[in-house]
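Take a look at the letters that make up each chain.
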Amino acid sequence: RGRGRQSQGPQYPSRADIIPKGTKVQLRNLQSAAHENGKVGKTSDYDAHKGRYLIALEDGQPVSCKPANVLQLLTGVEITGVESNPEFNGQLVEVTGQHNERYQVKLRDGRALGLQGSRLIWPNKARVELHSLSKPELNGKFGCIEEFDRVAGRYVVKLSEQQTVKLKPDNVKL
């Protein structure tokens, strides 16, 4: 009595390396369920013991996925450094998918582009995977972007409550 409503299970974790609950995502690189690749849904749960997200697909089907098989479909992503079409630079776009090493983005006018991650500035709070670093123990870790330092050209990425790193755009991916 007097405690209010009790939770039915563990709370969704609020950690720097976990995509927040309710984030729109797309499934990718699934091997055993390749027919699910490209489907869109939202994160509905995270099992810390298994290291897997539970994704509620738009068709109502739940799917359990490793973090590497989940692409955040972000909005407010900025295009930068496109020399062949400088008019794209500075535009805010939406990530709609990924093909090979290029992110598919939708411009405000509806046109679609495929761009390398180094040509996109991810928004604050995006969860990213670290890669190609000289410190091998950091490769494959996930963290949360706190900011993009435009002067230094580096992301400030929070890996945990105790650890923050500054990284080049080439060293982070969704």
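Whatever comes next refers back to the structure up there.
What counts and what doesn't
- Residues numbered from 1 in each chain as written.
- Predicted model: local features only at pLDDT ≥ 70, side-chain atom pairs only at ≥ 80, totals over all residues.
- Heavy atoms only, no water.
- Phe/Tyr/Trp six-rings, centres within 6.5 Å; stacked < 30°, edge-to-face > 60°.
- Helix = DSSP H or I, 4+ residues; strand = E, 2+ residues; numbered from the N terminus.
- Buried < 20%, exposed > 50% of the residue type's maximum accessible area, 1.4 Å probe, protein only.
- Contact = heavy atoms within 4.5 Å.
- Salt bridge = Lys/Arg side-chain N within 4 Å of Asp/Glu carboxyl O.
- Pairing = 2+ DSSP bridges.
- Axes fitted to C-alpha atoms, helices over the stretch in contact; angles between N-to-C directions.

Colleague: Looking at this structure, how should I read the packing of aromatic side chains?
Modeller: For any pair of aromatic rings, the description consists of the separation of the ring centres together with the inter-plane angle of the planes. Enumeration over the complete set of coordinates arrives at three aromatic pairs. Aromatic pair Y103 and W122: ring centres 4.9 Å apart, planes at 75°, arrangement edge-to-face. Taken together, the residues span a long stretch of sequence, with Y103 in strand β8 (residues 102-106) and W122 in the loop between β10 (120-121) and β11 (127-130) at a distance of 19 residues. When its relative accessible area of 4% is taken as the criterion, Y103 is described as buried. For W122, a relative accessible area of 2% translates into the label buried.

Colleague: What exactly am I supposed to notice about the environment of A126 here?
Modeller: Assignment of secondary structure puts A126 in the loop between β10 and β11. Classification of A126 by relative accessible area gives buried; the value is 2%. Taking the C-alpha atoms as reference points, A126 and I145, 19 residues apart in sequence, are found 5.5 Å from one another. Not counting the four nearest positions on each side in its chain, A126 is found in contact with Q72, L74, G143, C144 and I145.

Colleague: Explain the pattern of salt bridges here, please?
Modeller: One side chain can pair with another of opposite charge once the charged atoms of both are near each other. One pass over the full model with this rule turns up six salt bridges. Notably, a salt bridge pairs D59 with K39, separated by 3.7 Å at the nearest N-O pair. Of the two residues, D59 is situated in the loop between β3 (52-57) and β4 (62-65) and K39 in the loop between β1 (24-27) and β2 (40-47); the sequence distance between them amounts to 20 residues. Given a relative accessible area of 52%, D59 falls into the exposed group. Through salt bridges with shared partners, a single ionic network connects E36, K39 and D59.

Colleague: Is there a simple way to think about the sheet that holds β3 in this case?
Modeller: Hydrogen bonds along the backbone pair up the strands of a sheet, which may run parallel or antiparallel. Taking strand neighbours across the sheet as the criterion, the five strands line up as β4-β3-β2-β1-β5 in an open arrangement whose pairing is antiparallel. The sheet is open, and its two edges are formed by β4 and β5 (70-72), each paired on a single side. Strand after strand, the sheet turns through a mean of 45° between neighbouring axes, direction not considered. Strand direction decides the pairing type here: β1 and β5, joined by three bridges, are antiparallel. If you follow Q26 over to β5, its bridge partner there is L71.

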